[in-house]
Amino acid sequence: MYNEIDWEQIDLTAKAPLEGPKRQYYFMARCRELVRKEAESLGRPLTFFVTTFGCQMNARDSEKLTGILLEAGYLPAENEDADFVIYNTCTVRENANLKVYGHLGLLKHKKKSKPHMRIALCGCMMQEPLVVEKLKNSYQFVDLIFGTHNIFQFAELLARTLESRKTVIDVWEGTQEIMEDLPVERKYPFKSGVNIMFGCNNFCSYCIVPYVRGRERSRKPEDILQEIKTLANDGVSEIMLLGQNVNSYGKTLKEPVSFAELLRQVEQIEGIARIRFMTSHPKDLSDELIEVMKESKKICRHLHLPLQSGSTRILQAMNRRYTKEQYLELAEKIRREIPDISLTTDIIVGFPGETEEDFLETLDVVRRVRYDNAYTFIYSKRTGTPAASMEQQVPEDVVKFRFDRLLMLVQEHARRQTARFAGTVQEVLIEEVNKHDSSLLTGRMGSNLLVHFPGDASLVGSIRSVQLLECRGFYYMGRLLQAGASVFHVSK
Ligand code: SAH
Ligand code: SF4
Ligand code: F3S
């Protein structure tokens, strides 16, 4: 394991090991030397700053980057006034790309006054050849560019960057490799994401993820369980299992294991109090999973079940492989089996060819399912996906009008669903001291709702019972119950 490595023992005069984590440890040791020398010549420690632009999976990748930068001897900085700045990018919608270019503009100025500064870009956007071309031509101040498939090589790439003044570009088209045992630095001491699979095979026609994250690969259950045990020993009580479609976990393993079976095994791990997962594709959600959730003492009563559209015709064009009726049936079954569940979703408005009638079908599903929350997106054309070349792209003003109506309906339901917990006592994981009022703590319920209540900072990281006193739209104000106080309703 990497945390048992004695860096001084690695012989840097020898050749680098050819592959595996050992090769990366060798380069980490090399980075330590390079960083130490540069810090010496500047007369101060070097600093780094990592920004995540994407989803939970990107956030988890950023923790891996951070782990390596810390091992290399960099200290964390508060902002981009750092010696090493790395952007972990997302390209799921055009907006995500625009944000990165905006930030890069600002970095260009910073680097002018600080020539030794290094700028790195990685993540999903880098998997697009046109993006890399543009960066090469117009953003020559960037020092390192790599993609999603070779992120495990970061130590090696960092060493190459620190040793050269030329831009290092290394983007792979794909990989079968899953490298275990690399350093990772968690953002929160008490909760953590855990990758259970990488990539996606679903090719929803609007989505770029399969092109930039490659084919689906599951981690071996024993590696996942070992990681979770280590996290539990390290004080983590909540984990979120991560994958683009967790319901198809394990299908491609030599010895196939279902996601439900994996959950059963995770449930056994002592010290883990709460289990979450993301994301569930409705087409693969099994009865076995519902059963496991229902019986579990640890799986949070929250399911994120992306709808995308309520129109069967559009769902077909999106290649989602379920109909409106199948989705409704599934949502109903889940609510019937697990009545206290919170359901959330993702919805896209303005997919090519979407008519007013199709859109009304989406509103109909929102009304019937009564989502606790929904993330709503305006369709964004992604070059290279089948939907990008579909005719009948919907005009912007029409999309905007639909989007506003959808948002209103979603919020109306979210408010109503949130209010249903008023007066109850919930177990919450206390995540932080409230940013606006330091006399308050902020806790997250199993349903994913937040509650703010008076309390002491020393409680951050613990799971406590909180009574929900006042619903304020999408969150609550509450009161901490003393351990052992009488409770009339506790839910996970
Ligand atoms: N794997 C997850 C989603 C990952 S992307 C799943 O299948 O649910 C997160 C969300 O971004 C998607 O659910 C979808 O609603 C949205 N999204 C993806 N591509 C998009 C696009 N081209 N335009 C707008 N929204 C998009
Ligand atoms: Fe994209 Fe569909 Fe894969 Fe989700 S399941 S990442 S929406 S292709
Ligand atoms: Fe974005 Fe990549 Fe996640 S495109 S949504 S960061 S998988």
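In what follows, the structure referred to is the one given above.
So, here's what we can say about the structure. (Residues numbered from 1 in each chain as written. Chains lettered and ligands numbered in written order. Predicted model: local features only at pLDDT ≥ 70, side-chain atom pairs only at ≥ 80, totals over all residues. Heavy atoms only, no water.)

## Topic: helix α5 (residues 154-163)
Burial analysis of α5 places eight of its 10 residues in the buried class, which makes it a mostly covered element. In this structure, the buried residues of α5 make contact with α1 (20-42), α2 (56-72), β3 (84-89), β4 (118-123), β5 (144-146) and β6 (168-170). (Buried < 20%, exposed > 50% of the residue type's maximum accessible area, 1.4 Å probe, protein only. Helix = DSSP H or I, 4+ residues; strand = E, 2+ residues; numbered from the N terminus. Contact = heavy atoms within 4.5 Å.)

## A word on the site of ligand 2
In the neighbourhood of ligand 2, the contacting residues comprise Cys 200, Asn 202, Phe 203, Cys 204, Tyr 206, Cys 207, Val 209, Pro 210, Gln 244, His 281 and Arg 320. Of the residues belonging to the shell around ligand 2, the class tally is seven nonpolar, three polar and one charged. (Near = heavy atom within 4 Å. Nonpolar A, V, L, I, M, F, W, Y, C, P; charged D, E, K, R; others polar.)

## Looking at the packing of helix α11 (residues 324-337) against helix α12 (residues 356-369)
Close contact between α11 and α12 brings their axes to 11 Å; oriented N to C, the two are set at 10°. Relative to α12, the element α11 is oriented roughly parallel. Between α11, through Lys 324, Tyr 327, Leu 328, Ala 331 and Arg 335, and α12, the contact on the second element is made entirely by Glu 361, Asp 364, Val 365, Arg 368 and Val 369. Taken together, the residues that form the contact of α11 with α12 break down as five nonpolar, no polar and five charged. (Axes fitted to C-alpha atoms, helices over the stretch in contact; angles between N-to-C directions. Parallel < 35°, antiparallel > 145°, perpendicular 65-115°, else oblique.)

## Re the packing of α2 against α5
Between α2 and α5, the shortest axis-to-axis distance is 10 Å and the interhelical angle comes to 50°. Between α2 and α5, the angle is such that the two are oblique. Of the two elements, α2 crosses α5, and the hand of that crossing is right-handed. Packed against α2, whose contacting residues are Leu 65, Ile 68, Leu 69 and Ala 72, the element α5 presents Phe 154, Ala 155 and Leu 158 at the interface. (Left-handed = near helix turned anticlockwise from the far one by under 90°.)

## As for the sheet that holds strand β10 (residues 238-242)
Spatially, β7-β10-β11 is the arrangement adopted by the three strands of the open sheet, whose pairing is parallel. Each having just a single partner strand, β7 (191-195) and β11 (274-278) make up the two edges of the open sheet. Within the sheet, the average angular offset between the axes of one strand and its neighbour, ignoring direction, is 25°. Sheet analysis places β7 next to β10, joined by five bridges and oriented parallel. Paired with Val 194 across the strands is Leu 241, a residue of β10. Relative to β11, helix α8 (residues 259-267) is tilted by about 155°, and along the sheet it contacts β10 and β11. (Pairing = 2+ DSSP bridges.)

## Details of α1
Under the 1.5 Å per step criterion, the end-to-end length of α1 is 33 Å for 23 residues, consistent within 8% with the ideal 33 Å. Those residues of α1 not exposed but buried are Gly 20, Arg 23, Gln 24, Tyr 25, Tyr 26, Phe 27, Met 28, Ala 29, Cys 31, Val 35, Glu 38 and Ala 39. Immediately beyond the C-terminal end of α1, within one or two residues, lies Gly 43, with a positive phi of roughly 75°. (Expected span 1.5 Å × (residues − 1).)

## So, the pairing of β11
Across the five residues that make up β11, a large majority, five, are buried. By the alternation rule, side chains of β11 split into Arg 274, Arg 276 and Met 278 and Ile 275 and Phe 277, which are all buried. In this sheet, β11 lies alongside β10 in parallel orientation, the contact comprising five bridges. Across the sheet, residue Leu 241 finds its bridge partner in β11, namely Phe 277. Handedness of the crossover is the feature at issue here: the chain leaves β10, passes through α8, returns alongside β11, and the resulting connection is right-handed. (Right-handed = clockwise from strand over helix to strand, strands pointing away.)

## Quick word on the sheet that holds β3
Taken in spatial order, the six strands of this open sheet run β2-β1-β3-β4-β5-β6, and their pairing is parallel. Both edges of this open sheet fall to β2 (75-76) and β6, since each of them pairs with a single strand only. Strand direction decides the pairing type here: strand β1 (residues 47-52) and β2, joined by two bridges, are parallel. The residue of β2 that forms the bridge with Phe 48 is Pro 76.

## What to know about the pairing of strand β18 (residues 463-471)
With five bridges joining them, strand β15 (residues 425-433) and β18 adopt antiparallel strand pairing. Residue Gln 426 lies in a different strand from β18, and its bridge partner there is Val 466. The sheet contact formed by β18 and strand β19 (residues 475-480) spans five bridges and is antiparallel. By the bridge assignment, Leu 468 is partnered in β19 with Gly 478. Turn length for the β18-β19 hairpin, with the two strands adjacent in sequence and antiparallel, is three residues, and the turn residue Gly 473 shows positive phi of about 80°.

## Some thoughts on the side chain of Asn 202
Position of Asn 202 among the secondary structure elements: in the loop between β8 (197-198) and α6 (209-213). Among residues more than four places away in sequence, those in contact with Asn 202 are Asn 245, His 281, Lys 283, Asn 319 and Arg 321.

## Brief notes about the nonpolar core
For soluble globular proteins, nonpolar side chains are generally found buried alongside one another. Judged by nonpolar contacts, the single largest core of 69 residues is most densely connected at Ile 239, Leu 241, Phe 259 and Phe 277. If sequence neighbours within four positions are ignored, Phe 259 has contacts with Ile 196, Leu 241, Val 246, Asn 247, Tyr 249, Phe 277 and Leu 289. (Core = buried A, V, L, I, M, F, W, Y, C linked by side-chain atoms within 4.5 Å.)

## Points about the packing of aromatic side chains
Under the defined criterion, the tally for this structure stands at 14 aromatic pairs. A centroid spacing of 5.3 Å and a plane angle of 80° characterise the contact between Phe 53 and Tyr 87, whose relative ring orientation is edge-to-face. One end of the pair, Phe 53, is in the loop between β1 and α2; the other, Tyr 87, is in strand β3, and 34 residues separate them in sequence. Taking the relative accessible area as the measure of exposure, Phe 53 reaches 13% and is therefore buried. Measuring from centroid to centroid gives 5.7 Å for Phe 351 and Tyr 379, while their planes differ by 70°, and the two rings are edge-to-face. Here Phe 351, found in the loop between β13 (342-349) and α12, pairs with Tyr 379, found in the loop between β14 (373-378) and α13 (396-419); they are 28 residues apart in sequence, far enough to count as distant. An identical accessibility class is assigned to Phe 351 and Tyr 379; each is buried. In this arrangement the basic side chain of Lys 191 is found over the ring face of Tyr 188, its NZ or CZ atom lying 4.8 Å from the centre. (Phe/Tyr/Trp six-rings, centres within 6.5 Å; stacked < 30°, edge-to-face > 60°. Lys NZ or Arg CZ within 6 Å of the ring centre and 35° of its normal.)

The analysis is restricted to geometry; functional conclusions fall outside its scope.
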